[in-house]
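Each chain is listed here by its residues.
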Amino acid sequence: MGEIPVIIITLTLFIALLSIGLHISTVLLLSGIVGIYLLSGVQALTGILELDPFNRVASYTLTTIPLFILMSQFIMHADIVKYLYSLVFKLTRGVSSVLGVFTILLGGFLGAVSGSGSAISASLGQIAVPELKKRGYKEDLAGAIAAVSGSLSSIIPPAIGLIIYGALTQTPIGDLFIASIIPGILMIIIFIIVLMFLHKRSKREVIETEEAQSIELDNYSAKQYTVAILTGLFIVGAIFGGIYLGIFTPTEAGAVGAFISLITAAILGKVNVNFIKKSLRSTLEITTMVMVIMIGAQVFGKFISLSRIPRKVLEMLEPLMGMPLLIIILLLIIYFILFMFLEGAAVILMTVPITVPLAQAVGISPLEFGILISAIGTAGLLTPPVGLCVYSVAGVTKIPIENLFKYSLIFATAASIAVPAILLNFPELMTFLVNNK
Amino acid sequence: MKILNKIDTVMLIISGITVLIMMLLIVLEVMFRTFLNISIPGNYEFTQNYLMPLAVFPILSQSYTSGILPKVNLFIDRIKNLEIKRLIQLSLLIVEIITFLIVTYFAFGYALKGVAAGVSFTAGGTLFPLYHVLFIVPFGFLLMSVKGCFLLVNMLRDKKYIPFS
Amino acid sequence: GGSDETNSGEGSSEKIILKASSGVPEEHVWFEALFNPWMERVVEETNGQVEFELYSGGELVDIGSEFDALESGLIDIALPVFNLYDQKRFPLSEVTMLPTSESDSAIISQAFSSLMYDEHELKEGKSFYDLEFGDKDLKVWGSSMGEPYAMSTTGDPVEKLSELDSLKLRTPTRLTEVYTKHLGATPITMPQTDAYDALSRGTIDGNFISVGDWKSYGYHDLFSYTLEGANLGHFNAVFGMTNEKWESLPENVRTAMDEAAKDLIVDPNATEVMMRLDSEVRELASDNGSVFEKLEDKSPVIQEAVNKAMVETWYEWIDRLEAEGHPGTEIAKLWRQLVEENGGEVPEGLELE
Ligand code: NA
Ligand code: NA
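Residues numbered from 1 in each chain as written. Chains lettered and ligands numbered in written order. Predicted model: local features only at pLDDT ≥ 70, side-chain atom pairs only at ≥ 80, totals over all residues. Heavy atoms only, no water.

**Student:** Hey, could you run me through the overall build of chain B in this one?
**Tutor:** Counting its secondary structure elements, chain B contains seven helices and two strands. Its helices and strands taken in sequence order, chain B reads α-α-α-α-α-β-β-α-α from the N to the C terminus. A compact globule built from 165 residues should have a C-alpha radius of gyration of about 15 Å, whereas chain B, at 20 Å, is more than 25% larger. Projected onto its principal axes, the C-alpha positions of chain B cover 65 × 40 × 30 Å. Within chain B, the proportion of its 165 residues that are buried is 53%. Surface accessibility of chain B: about 7,600 Å² in total, with carbon and sulfur atoms responsible for 73%. (Helix = DSSP H or I, 4+ residues; strand = E, 2+ residues; numbered from the N terminus. Rg over C-alpha atoms; globule rule 2.2 N^0.38 Å. Buried < 20%, exposed > 50% of the residue type's maximum accessible area, 1.4 Å probe, protein only. Areas by Shrake-Rupley, 256 points an atom, 1.4 Å probe, with all protein chains shown as cover.)

This is the structure:
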């Protein structure tokens, strides 16, 4: 069969299976299988299905997913986060938008110790969503905030995408990390602005908010608050301190964080058989959910790679080289679309050899281009149909995906337009810190 | 279903202990490196090749039936006719079982090849076998298909039963 | 499906489309030095009869899975097969990772070419190529070899034994791990993607890597010290296809491929590309104050300790291969001979019998 019909058939199948309610992991897996088979036959399918499930899972770097989730389970089951949210809510005299901001900032902090957006989103989905809901947030928006907060980890260093990009383009990874700091903060600010706007609107929609607020005025003791703050500070301090003093790597931070949280919970007297069992069960379920989606995304990604869609589309751009601004806008739009369908690392591996020379030809340095892609890639974790951070939240909260995407897509679109627009107008935001390090 | 619950418990124990071992191993590695200036030989390779697959694949089927795997409900929620809804659910279940069986088939074939070739990895300077671990992949997916079949049987027997909702 | 219909038997002039996959990106020096020239020559000499459909950067096949991908038919050509990452299947290939005191890209490319293509019997009338690749139904060629792996650290030049002992070094290969152990330092294994962070924060003190590869990982801003003359081997790889695929290709295509590959491995342009990268990085790093020191300029105590660790690495490797039933001693002797014949030197005090 020709390539174009196969691509059409496979993408149609993908959309159809997705909308009819098949599990997303199976949608990715099955349309990948069908596409690869139609395109390249059973041999190619054998090569991919034999290797990919195992290769995807057997990775040291990915230990951060189960261990980071384990850490958040221990923290959550020790009630620390519950107290913290209640405290922030009290201190701000019930201004509920602050809690959303608090969640996004928390996501930013967690992003600085972990490279896995899915793991953070899943954790925040469990920890933050119930707290936000209790204090007047529409459930769908609360879920989207968790996803958005988690996605930040892919622009806030350390970020795997930037490392892969750096190795591919021979751009110093340290420079990429430093250059992404201000854009990362910019992204946080834009997310916060969108949040304020959406929260205001959704509050008007949800009339019961007033009741929800008055019912939920939980009062914990001063001692509980103190303990929560101290233990929270201790855990965060130990993880950050450990990473920045070079005692452990960000990959190892998941294990160390989980261990410290377990000890802390034990000191607080929360640990018993049930605590361990509950924590482990959720950890494993969430981890497996993330991993099985990643396996599916990998197989589907191989189909896209075999179809050579990204390469063909980029070849079509070459005649437009005379119009630099148009080229760069088109490139960013193409990336937005690719990140909608594919996992971040796959997009970078597949396209960067072609796009970086294009970008350089129109005057964008590899360093700047890497940051721009990485901003769009962060948004890609939030866009349908393949939005890993949104899937994670949907999995743990049971909030319908389409409701989450409705909000997360607004965050993603706003960030994808605003961040590149600002960065392209003021490139110093990316280069300033690097030039003055 | 009783046997399935037992299997679930065993798998939970296997994967749960694996995650705890993973945590302790990495913590020990960090502590040894920091205080004693030594590294646990093979820590990296064992974690990657043994512990990660053991933490994920055995528990796969439990995640599947727990309803945590996300899906889009927009369309199915709008269908008011229970019969049609059931029919769609039934077909989706069959599609899933087939998909899992396809993966099981290929992963099993690969594990067999692995045995024939004696696939191994090196850690701390020595070769360690990898081929047993390769069987965890088809096992995990097979268990998912088996669970899917049980759900299917339940659906056919109990006319109102709809899984994952 | 793609390639099945298009690749036909001998004498046909139908277009042959070959799916070629690489675990490294197209920016990698191998493409400039070897793969691109090889593909261009094959296309040219077959008058466009052969066309390569390239998948790079591991987008289709992960590094280390090339053999399985070739066998299953997912791809036609691997650029390259990472034989060093599959030590169970390719146990002898690791010989080029044995430490040397004097060697460079040109010397080792000559030595490797001879190891691959000349008839040196190792065991039961079989050569290195037969044992390693022919028996596995592969048709492969050797890649151009880069500059040696060297120990680089973020600290000051090592002057005392105690300073050497206290180093925490990332060991990317089995033999660098063995060497580090014999040196008395601490070998650490971690993903290459974690190493930048770990080095910059002092989680580890150093890494073994060829100087030309520094830029790929941003190390030229980090490393302040490199010890040379203790070369921790040269990374090799092979590229090619299964025998089955090979035999399905017409004679003229096979000739073009074979000649191009055998010319290019020792082509001065290819080694120049590999060495140019090395001197570029050296210049850049030296400007940042990075120090490159020769082993022969160090104190006798350090020289002795490093030499001993290198020699022990050879012995341990040979013992293990022999224990696994491979001709360890034979290939080690052959490799030493080839290195020396081409102007290189093995560590002082190495005795092979
Ligand atoms: Na991050
Ligand atoms: Na997306």
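That was the structure; now back to the text.
**Student:** Which parts of the structure should I look at to understand the overall build of chain C?
**Tutor:** When its secondary structure is counted, chain C shows 14 helices and 13 strands. Against the compact-globule benchmark of 20 Å for 353 residues, chain C has a radius of gyration of 21 Å, which places it among compact chains. In terms of its C-alpha atoms, chain C occupies a principal-axis envelope of roughly 70 × 45 × 30 Å. By residue count, 62% of the 353 residues in chain C fall in the buried class. Partitioning the contacts of chain C with sequence separation of at least 6, the portion at a separation of at least 24 is 75%. Carbon and sulfur atoms make up 43% of the accessible area of chain C, which amounts to about 12,600 Å² in all. Charge centroids of chain C, computed over 27 positive and 70 negative side chains, lie 4 Å from each other. (Contact = heavy atoms within 4.5 Å. Lys, Arg positive; Asp, Glu negative; His and termini not counted. Charge placed at Lys NZ, Arg CZ, Asp CG, Glu CD.)

**Student:** Just checking my understanding: could you explain the interface of chain A and chain C for this structure?
**Tutor:** Many structure descriptions define interface size as the accessible area lost when the parts assemble. Taken together, the contact pairs 41 residues of chain A with 37 residues of chain C. Carbon and sulfur atoms supply 51% of the area that chain A and chain C bury against each other, a total of about 3,400 Å² over both sides. Joining chain A to chain C, the criterion identifies two salt bridges. A salt bridge links R311 of chain A to E59 of chain C, with the shortest nitrogen-to-oxygen separation between them at 2.9 Å. For the interface between chain A and chain C, the tally reads 11 residue pairs in polar contact (both at pLDDT 80 or more). Secondary-structure elements contributing two or more residues to the side of chain A that touches chain C are helix 2 (24-57), helix 8 (160-169), helix 9 (173-179), helix 12 (222-244), helix 13 (250-267), helix 14 (273-307) and helix 17 (344-361) of chain A. Broken down by element, the residue count for the side of chain A that touches chain C peaks at nine residues, all from helix 2 of chain A. Of the residues belonging to the side of chain A that touches chain C, the class tally is 22 nonpolar, 14 polar and five charged. (Buried area = accessible area lost by both parts, 1.4 Å probe. Salt bridge = Lys/Arg side-chain N within 4 Å of Asp/Glu carboxyl O. Polar contact = N/O pair within 3.5 Å; in protein donor to acceptor, adjacent residues only side chain to side chain. Nonpolar A, V, L, I, M, F, W, Y, C, P; charged D, E, K, R; others polar.)

**Student:** What is the right way to read unusual backbone geometry from this model?
**Tutor:** The general pattern is negative phi for most residues beyond glycine and trans for most peptide bonds. Of note, the amide linkage connecting P384 of chain A to P385 of chain A takes the cis form, showing an omega dihedral of 0 degrees. Tracing the sequence through the fold places P385 of chain A in the loop between helix 18 (366-380) and helix 19 (388-397). Between L79 of chain C and P80 of chain C the backbone carries a cis peptide bond, its omega angle lying at 0 degrees. The residue P80 of chain C is located in strand 3 (residues 77-81) in this model.

**Student:** Would you mind going over a negative patch on the surface with me for this structure?
**Tutor:** A grouping of E102, E296, D297, E340, E341, E345 and E348 of chain C is seen on the molecular surface, where their side chains present a negatively charged patch. Mapping E296 of chain C onto the fold places it in the loop between strand 13 (291-294) and helix 13 (300-323). (Patch = residues over 30% accessible without salt bridge, like charges linked within 9 Å, V, L, I, M, F, W, Y side chains within 5 Å.)

**Student:** Looking at this structure, I do not really get the packing of helix 1 (residues 3-20) of chain A against helix 2 of chain A. What am I missing?
**Tutor:** Packed helices, taken two at a time, are described by their axes: the angle between them and the distance between them. Residues and elements named next belong to chain A. It is the contact of helix 1 with helix 2, at a shortest axis distance of 9 Å, that shows an interaxial angle of 165 degrees. With respect to helix 2, the element helix 1 is oriented roughly antiparallel. Between helix 1 and helix 2 lies a crossing of right-handed hand. Counting all contacts with helix 1, which are made through E3, V6, I9, T10, L13, F14, L17 and L18, the residues of helix 2 involved are I24, V27, L28, L30, S31, V34, G35, L38 and L39. Split into classes, the residues belonging to the contact of helix 1 with helix 2 amount to 13 nonpolar, three polar and one charged. (Axes fitted to C-alpha atoms, helices over the stretch in contact; angles between N-to-C directions. Parallel < 35°, antiparallel > 145°, perpendicular 65-115°, else oblique. Left-handed = near helix turned anticlockwise from the far one by under 90°.)

**Student:** Got a minute to help me understand helix 2 of chain A in this structure?
**Tutor:** Residues and elements named next belong to chain A. If you check helix 2, its first and last C-alpha atoms are just 18 Å apart, much less than what 34 residues at 1.5 Å a residue would give, namely 50 Å. In the structure, helix 2 departs most strongly from a straight axis at S40, where the bend amounts to approximately 130 degrees. Burial runs high along helix 2: 28 of the 34 residues are buried. (Expected span 1.5 Å × (residues − 1). Bend = angle between axes of the 7 residues up to and from the residue.)

**Student:** What is the right way to look at the sheet that holds strand 12 (residues 238-242) of chain C in this model?
**Tutor:** Each strand in a sheet pairs with another by means of backbone hydrogen bonds, the pair being arranged parallel or else antiparallel. All names here are of chain C. Spatially, the five strands line up as an open sheet ordered 2-1-3-12-6, and their pairing is mixed. Taken across any chain shown, the strands that pair with only one partner, and hence form the sheet edges, are strand 2 (50-55) and strand 6 (138-142). Strand-to-strand twist in this sheet, taken as the mean axis angle between neighbours without regard to direction, amounts to 25 degrees. Where strand 1 (residues 16-21) lies against strand 2, six bridges are found, and the strand directions are parallel. Considered in strand 2, the bridge of K19 is made with E53. (Pairing = 2+ DSSP bridges.)

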